[in-house]
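Commentary on secondary and tertiary structure
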Amino acid sequence: MALRRLAIVGSVSTPTSRLASPNPHVISTRRPISDFLRRHHFSASTDESASKVASINPEDHRGFQKWHNGGGLFHKSACIAATAVIEISAVVHPEAVIGANTHISSGTIVGPSVTIGQSTKLGYNVALSNCALGDCCVVHNGVCIGQDGFGFFVDDLGGMVKKPQILKALIGHNVEIGANTCIDRGSWRDTVIGDHAKIDNLVQVRLAANSCVTKDINVPGDYGGFPAVPVHEWRRQIAALRRTLK
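Figured I'd write up the structure that's included with this text. Keep in mind that what you see is a predicted model, and the values were worked out from it rather than measured. (Residues numbered from 1 in each chain as written. Predicted model: local features only at pLDDT ≥ 70, side-chain atom pairs only at ≥ 80, totals over all residues. Heavy atoms only, no water.)

The next point concerns the overall build of the protein chain. If you tally the helices and strands in the protein chain, you get 3 helices and 25 strands. Per-residue burial over the protein chain gives 40% buried out of 246 residues. If you take every contact in the protein chain between residues at least 6 apart in sequence, the share linking residues at least 24 apart comes to 30%. (Helix = DSSP H or I, 4+ residues; strand = E, 2+ residues; numbered from the N terminus. Buried < 20%, exposed > 50% of the residue type's maximum accessible area, 1.4 Å probe, protein only. Contact = heavy atoms within 4.5 Å.)

Here you go:
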């Protein structure tokens, strides 16, 4: 069974005190992601140059307009720093927040109320929903963040019922996410990726066939067994069981 490498996730603390930029278009940096989510204090509509930021089409009843820097579309209710790049065929949906110097590549969809910090780079065909990204992140092509997880339960009548998926995916600062990686939002708690995490393409936790993971795995490596334990420990368990049976 082919299994991919576990990403090496760093958990490096970042300073929580830094003066906010006087520029109303810039999100202040290096604060915890929980603080970052509360900082929607800049708005293109409050800047004197707002009239230069977008070309307004009064006949567009949907409220989407063409972004001046790259030719992509954005909703008029979104808050976007003037230095952000939104390439052609990218779409920024209502009430999204986009920080300074962020680059959104063609084919990428930034869903409603998604927050992206400054100097973050989104590759081609990225899909974001129900999430927040910190500063200076790199998100490679095809990544999906914030969609529902695989959560179901059996009701009293034996039917499969979808478990409500109502929380967020929170991505810290200086995170790099490999191509085609999927990060689901939480159902009973937020999904959190810490600062400086590096995630491989199509990342999975490495598990031997038929293993059962009953709790969070926080240490990179190979795992196996029921419940899953580090693979060397699992192999010793198998060897001891065989000796006992003999």
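Next comes the rest of the account.
Pairing in this open sheet of 6 strands is parallel, and the strands run β5-β8-β11-β14-β19-β22 from one edge to the other. Edge strands, defined here as strands with exactly one partner in the open sheet, are β5 (85-86) and β22 (198-199). Both strand β14 (residues 138-139) and strand β19 (residues 176-177) contribute to a ladder of 2 bridges, which runs parallel. Across the sheet, residue V139 finds its bridge partner in β19, namely I177. (Pairing = 2+ DSSP bridges.)

Next up on the list: the packing of aromatic side chains. Counted by the stated rule, this structure contains 2 aromatic pairs. Ring geometry for W67 and F74: centres 5.2 Å apart, planes at 85 degrees, overall edge-to-face. Residues F150 and F152 carry aromatic rings whose centres are separated by 5.1 Å and whose planes lie at 65 degrees to one another, so their mutual orientation is edge-to-face. Looking at F150, the relative accessible area reads 80%, which means it is exposed. (Phe/Tyr/Trp six-rings, centres within 6.5 Å; stacked < 30°, edge-to-face > 60°.)

In summary, soluble globular proteins display a tendency toward joint burial of nonpolar side chains. Core analysis: the biggest nonpolar cluster contains 31 residues, and I80, V92, V110, L128, I145 and I177 have the highest contact counts within it. Not counting chain neighbours up to four residues away, the residues in contact with L128 comprise I109, V110, G111, V114, I116, L122, L133 and I145. (Core = buried A, V, L, I, M, F, W, Y, C linked by side-chain atoms within 4.5 Å.)

Among the surface-exposed residues, F150, F152, V154 and M160 lie close enough to one another that they form a single nonpolar patch of about 510 Å² accessible area. Considering the arrangement of structural elements, one finds V154 in strand β16 (residues 152-154). Look at V154 and you get exposed, because its relative accessible area is 52%. (Patch = residues over 30% accessible without salt bridge, like charges linked within 9 Å, V, L, I, M, F, W, Y side chains within 5 Å. Areas by Shrake-Rupley, 256 points an atom, 1.4 Å probe, with all protein chains shown as cover. Salt bridge = Lys/Arg side-chain N within 4 Å of Asp/Glu carboxyl O.)

Below, the discussion takes up unusual backbone geometry. Here F226 and P227 are connected by a cis peptide whose omega angle stands at -5 degrees. You can see P227 is positioned in the loop between β24 (222-224) and β25 (229-230). Positioned with a positive phi, N125 is a non-glycine residue whose angle comes to about 55 degrees. Structurally, N125 is set in the loop between β11 (121-122) and β12 (127-128).

Attention now moves to the pattern of salt bridges. Going through the model one piece at a time under the given rule, you end up with 2 salt bridges. Two residues, K162 and D148, come together in a salt bridge whose shortest N-O distance is 3.5 Å. Highlighted residues: K162 in strand β17 (residues 160-162) and D148 in the loop between β15 (144-145) and β16, separated in sequence by 14 residues. Here K162 falls in the partly exposed class, since its relative accessible area comes to 40%. Salt-bridge contacts for D148 lead to R185; the nearest nitrogen and oxygen are separated by 3.1 Å. Pair noted here: D148 is in the loop between β15 and β16 and R185 is in the loop between β20 (182-183) and β21 (191-193), with a separation of 37 residues, a long-range link.

As a further point, take the sheet that holds strand β4 (residues 79-80). Taken together, the 6 strands give an open sheet; going across it, the order is β4-β7-β10-β13-β18-β21, and neighbouring strands pair in parallel fashion. At either end of the open sheet lies a strand with only one pairing partner, and these are β4 and β21. One ladder, built from 2 bridges, connects strand β10 (residues 115-116) with strand β13 (residues 131-133); its direction is parallel. Note on β13: the bridge partner recorded for I116 is L133.

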